[in-house]
Amino acid sequence: MATLDSKIPAGPLADKWTNYKNNINLVNPANKRLIDVIVVGTGLAGGSAAATLAELGYNVKAFCFQDSPRRAHSIAAQGGINAAKNYQGDGDSTFRLFYDTVKGGDYRSREANVYRLAEVSANIIDQCVAQGVPFARDYGGLLDNRSFGGVLVSRTFYAKGQTGQQLLLGAYSVMNRQIGRGKIKMYNRHEMMDVVVVDGKARGIIARNLVTGEIERHSAHAVVLGTGGYGNVFFLSTNAMGSNVSAAWKAHKRGAYFANPCFTQIHPTCIPVSGELQAKLTLMSESLRNDGRIWVPKKLEDVEAIRAGKLKPTQIKEEDRDYYLERRYPAFGNLVPRDVASRAAKERCDAGYGVNATGEAVYLDFASAVTRYGKEAAHVRGLNENDNTLVQKLGREIIANKYGNLFQMYEKIVDENPYETPMMIYPAVHYTMGGLWVDYNLMTTVPGLYAIGEANFSDHGANRLGASALMQGLADGYFVLPYTIGDYLASDIRTGAIPTNTPEFDAAEKEVTERLNFFVNNNGTHSVDYFHRRLGKIMWDKCGMARNTDGLKSAIAEIKALREEFWKDLKVPGSADEYNEELAKAGRVADFLELGELFAKDALERNESCGGHFREESQTSEGEAARDDANYTYVSAWEYTGLPSEANLHKEELVYENIELKTRSYK
Amino acid sequence: MNLKLKIWRQKNANDKGKMVDYPISDVSPDMSFLEMLDVLNNQLIEKGESPVAFDHDCREGICGMCSLYINGEAHGPDRGVTTCQLHMRKFKDGDTIYIEPFRAKAFPIIKDLVVDRGAFDRIQHAGGFVSVNTSGNTQDANSIPIPKADADLAFDAATCIGCGACVATCKNSSAMLYVSAKVSQFALLPQGQVEAKDRVLNMVKQMDAEGFGNCTNTGACEVECPKGISLDNIARMNREFSKAILDGREK
């Protein structure tokens, strides 16, 4: 069994990154022009990496399956981005951001990577402001901050409820500058079908032009995957419809280890499922928990009256409400981390207190924030603080200014006005902390193949804190990968262009073509979605917010059976040489059906609860997650051997030299 | 509810295309418009027919991928939403719904309801950026205070999702609302000042080269814009353009 080398630099934690940068190999500007890099995915990680590598002088080819790089799913991130700027003077620092992130991840992330992330976080804000990203500002013209779950400082920068959009459009703009200069060649509506490995190194990809169906060969000296997470293995998630695991899975099949696949984030505040034919779920930003209070009725008879439509939530008296997060976690209240908030919602709903027809919803209530802000605004303007109509009006204006687009989104979907009645919310799959295993250089176990952003595993452990995904995506792309990849490419300056007329490219293309032809010629009876929905149901029921041995074993068997049925009974209309969305979806779901099994296998192997991974067998007497540090302080890195069931487990032991492992408490 | 759909079908860019009728039954009012099309497509696939191609991705109104001209309106009858946020409760049992692609010379049809909006990207390549490298050595983010009112206006302009509803709605197929949103965002911020004049000239030049029409101040784009991008941005772009011309920057 090969050992994993995380290549963490020696020296004190705070000096590692600086020392590393001082000692790596560099590629001189003239030689950079001789080197090609492929970047797959154009979200915050891929987009920022492509732009920065092109600025440095490399020839970049960037790929996205959407019709423009601006549409990558980072665009949908709402609440904000963390940075240890300490503009608020509330005690923030690089170390505190590092500490909060490791603790928030329930001590299952790699110290050195997280510290580096915290270290470069402040640069991200400087960089984005210089690019013209319009962050929220206070009346003095300086940047405003808000607070997110699991921390006790305000370090989150934001642009209303559209922070991801503004940051991605920033990355898109710097990409555009390089596309205009010819340093990035952009391939829109292209899907990566495979990674090509030559002499043990990643040297290119096979891509499919989604408009014409043509199969293309693209070579490079290194390949970077910024292809996001795999939450859509659950079918219903907050991910975009096209978000998929295929690029990462293809890399896995070519030798990249897949780490911690079972570490999934189930986000506490999403709009509840409304119908059988629903295609996706919508998030309501965690930032809403700054001002919204979560509750369910204390009495079951009130719950029944609400479900029957005989009682409105606004009619329930204060003393008859159970603000269960404030009750259970007085120190953090409504701002506990996501995994904790999700499990608490499930606990109340399982006990029968869910407030909608399906019994799977809790309230997120802004009434007290409206009153508080309204009174404050009235006071500032010298108006009557006791005039309730005025206070409500002023308070709503402030709430609208902070979260206007989220309230509008809620109203359009649910057809209820959240300014007047509390929102109904329930947890939903949102993010995947697991992903391709990478070392400190962000390189996978395949030399020359890198994974950045949500596609890798390294920074969020078993639970990601809010506003950290945007931070990680941009840190990897703007500030980390551009250094680490140079160290690798320094040995490639004499290689010359990589030819595509080699047996490795021939073989990879043949495999891709055969699979596509199989799909369109397989005269089954059911569409891709039919299988995808069924897979999602298995995953949600057995690998969701609570997992146990029996459920996971049965999930493994069911997914395997479903996969066999898929390959026999799938029906894909049309041909492979045209625009064919069903064909693209078929390939993605085929990969989800393999990943799903590995996911369940990983969850079964990890017989402890940590972060978002809650094993019912491993909990405290109060129902909190019980970690087993003696046996599971490691990263599970799975090696592909032909079938998900036969994947080999490699363990990277996690060493904590700067943080003491403690039971995570938010009480 | 039961509906009669009339959908534009066009095999590829060279095909002539035509409207085709599709009846659909048991549509729930709580479904989104695209979920209704998903149901139709699953029925078509299982019957062995070709599903209707349409663009979509995030399904929460932010990626700008979805389009559709529904009963003569970009993104359909509701206001302030994209097609993916439109819900069937906006329609009545027995309605006939016409579904067409976003039509404009600069947006060639790829298949059925899918169009090529690459022209939008090319306008951005011409100048939709601030020329600052990712050195990590830019000055501190708070070193230049920006009046909140300006930052808010820049943000409002920057919320454009690049869907193309403005172009599809405009009788001249003008892209002025789209281009002016980006020009305004940077014109309102100190970071955008250095290149402001070249930016507006280059972006407008590319806009014209792509075959978009001119603005005649009808204001339909503002009404149909799912993000409420204001016509004020077009006025601001015209001022920026005039300033650049008067400065003798035009080449």
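Residues numbered from 1 in each chain as written. Chains lettered and ligands numbered in written order. Predicted model: local features only at pLDDT ≥ 70, side-chain atom pairs only at ≥ 80, totals over all residues.

**Brief notes about the overall build of chain A**
Now for step 1: When you go through chain A residue by residue, the secondary structure sums to 18 helices and 19 strands.
Now for step 2: For 667 residues, the compact-globule formula gives about 26 Å, and the C-alpha radius of gyration of chain A, at 25 Å, lands near that figure.
Now for step 3: Based on the C-alpha atoms only, the size of chain A along its principal axes is roughly 80 × 55 × 50 Å.
Now for step 4: Among the 667 residues that make up chain A, the fraction classed as buried is 60%. (Helix = DSSP H or I, 4+ residues; strand = E, 2+ residues; numbered from the N terminus. Rg over C-alpha atoms; globule rule 2.2 N^0.38 Å. Buried ≥ 20, exposed ≤ 12 C-beta atoms within 10 Å, placed from the backbone.)

**What about the interface of chain B and chain A?**
Now for step 1: Between chain B and chain A, the residue contacts involve 64 residues of the former and 67 residues of the latter.
Now for step 2: Elements with a contribution of two residues or more to the side of chain B that touches chain A: α1 (33-46), β6 (109-111), α2 (118-125), α3 (148-158) and α5 (176-187) of chain B.
Now for step 3: The dominant element in the side of chain B that touches chain A, judged by the number of residues it contributes, is α1(B), at 6 residues. (Contact = placed C-beta atoms within 7 Å.)

**A look at the environment of A:M471**
All names here are of chain A.
Now for step 1: Looking at where M471 falls in the secondary structure, it is placed in helix α13 (residues 469-489).
Now for step 2: Taking the C-beta count within 10 Å as the criterion, M471 has 29 such neighbours and is therefore assigned buried.
Now for step 3: Residues M471 and M409, 62 residues apart in the sequence, show an inter-C-alpha distance of 25 Å.
Now for step 4: M471 has contacts with I81, N82, A83, L117, S121 and I124, leaving out every residue within four places of it along the chain.

**Some details on unusual backbone geometry**
Residue and element names in this part refer to chain A.
Now for step 1: Residues other than glycine seldom take positive phi values, yet K160 does so here, at roughly 45°.
Now for step 2: Along the chain, K160 falls in the loop between β4 (156-157) and α6 (163-180).
Now for step 3: The class for K160 is buried, based on 26 C-beta atoms found within 10 Å.

**Quick word on the domain arrangement of chain B**
All names here are of chain B.
Now for step 1: For chain B, the assigned domains read domain 1 (3-110) and domain 2 (117-246).
Now for step 2: Each of domain 1 and domain 2 has a C-alpha centre, and the two are 29 Å apart.
Now for step 3: Listed by partner, the interface residues are 18 residues for domain 1 and 17 residues for domain 2.
Now for step 4: Its residues assigned to classes, the side of domain 1 that touches domain 2 shows 9 nonpolar, 6 polar and 3 charged. (Domains from an automatic or database assignment. Nonpolar A, V, L, I, M, F, W, Y, C, P; charged D, E, K, R; others polar.)

**A short note on the domain arrangement of chain A**
Size of an interface: often given as the accessible area lost when the parts come together.
Residue and element names in this part refer to chain A.
Now for step 1: Domain annotation of chain A identifies domain 1 (13-263 + 433-492), domain 2 (269-427) and domain 3 (502-631).
Now for step 2: Computed over C-alpha atoms, the centres of domain 1 and domain 3 are 24 Å apart.
Now for step 3: With 34 residues of domain 1 at the contact, the number on the domain 3 side is 38 residues.
Now for step 4: Secondary-structure elements contributing two or more residues to the side of domain 1 that touches domain 3 are β6 (190-198), β7 (201-209), β8 (215-219) and α7 (246-253).
Now for step 5: At 6 residues, β6 tops the list of elements feeding residues into the side of domain 1 that touches domain 3.
Now for step 6: Of the residues in the side of domain 1 that touches domain 3, the class split is 20 nonpolar, 9 polar and 5 charged.

**Quick word on the sheet that holds β6(A)**
All names here are of chain A.
Now for step 1: Reading across the sheet, the 3 strands line up as β6-β7-β8 and stay open at both edges, with antiparallel pairing between neighbours. Every other strand in the sheet has two partners, leaving β6 and β8 as the edge strands with one partner each. Strand-to-strand twist of the sheet, defined as the mean angle between neighbouring strand axes without regard to direction, takes the value 25°.
Now for step 2: In terms of strand pairing, β7 meets β8 through 5 bridges, oriented antiparallel. The residue bridging I205 from the neighbouring strand is H218, located in β8. (Pairing = 2+ DSSP bridges. Axes fitted to C-alpha atoms, helices over the stretch in contact; angles between N-to-C directions.)

**Some words on the packing of helix α15 (residues 528-543) of chain A against helix α17 (residues 581-605) of chain A**
Residues and elements named next belong to chain A.
Now for step 1: Where α15 contacts α17, the axes come no closer than 10 Å and their chain directions differ by 20°. Classified by the angle between their axes, α15 and α17 sit roughly parallel to one another. Judged by the sense of rotation from one axis to the other, the crossing of α15 with α17 is left-handed. Across the interface between the two elements, V528, F531, H532, L535, M539 and C543 from α15 touch E582, K585, A586, V589, F592, L593, G596, F599, A600 and A603 from α17.
Now for step 2: Its residues assigned to classes, the contact of α15 with α17 comprises 12 nonpolar, 2 polar and 2 charged. (Parallel < 35°, antiparallel > 145°, perpendicular 65-115°, else oblique. Left-handed = near helix turned anticlockwise from the far one by under 90°.)

**With respect to the pairing of strand β1 (residues 36-40) of chain A**
Residue and element names in this part refer to chain A.
Now for step 1: Within β1, 5 of the 5 residues are buried, which leaves it mostly tucked inside the rest of the structure.
Now for step 2: Covered by surrounding structure in β1 are D36, I38 and V40 together with V37 and V39, the residues of both alternating faces.
Now for step 3: Pairing geometry for β1 and strand β2 (residues 59-63), over 5 bridges, is parallel. Bridge pairing links D36 to N59 in β2.
Now for step 4: The parallel pair β1 and β2 is bridged by helix α3 (residues 44-56), and the resulting crossover is right-handed.
Now for step 5: When β1 meets strand β9 (residues 222-225), the two strands line up parallel, connected through 4 bridges. Bridging from a neighbouring strand, V37 pairs with A222 of β9. (Right-handed = clockwise from strand over helix to strand, strands pointing away.)

**Points about the confidence of the model for chain B**
Now for step 1: For chain B, per-residue confidence averages 96 on the pLDDT scale, and residues scoring 70 or more make up 99% of the total.
Now for step 2: Here the prediction assigns the complex a pTM of 0.97, and the interface score ipTM is 0.98. (pLDDT = per-residue confidence, 0-100.)

**A few points about α3(A)**
Residues and elements named next belong to chain A.
Now for step 1: The terminal C-alpha atoms of α3 lie 18 Å apart, and with 13 residues this matches the ideal 18 Å at 1.5 Å per residue to within 8%.
Now for step 2: Burial analysis of α3 places 13 of its 13 residues in the buried class, which makes it a mostly covered element.
Now for step 3: At the C-terminal side of α3, G57 shows a positive phi close to 120°. (Expected span 1.5 Å × (residues − 1).)

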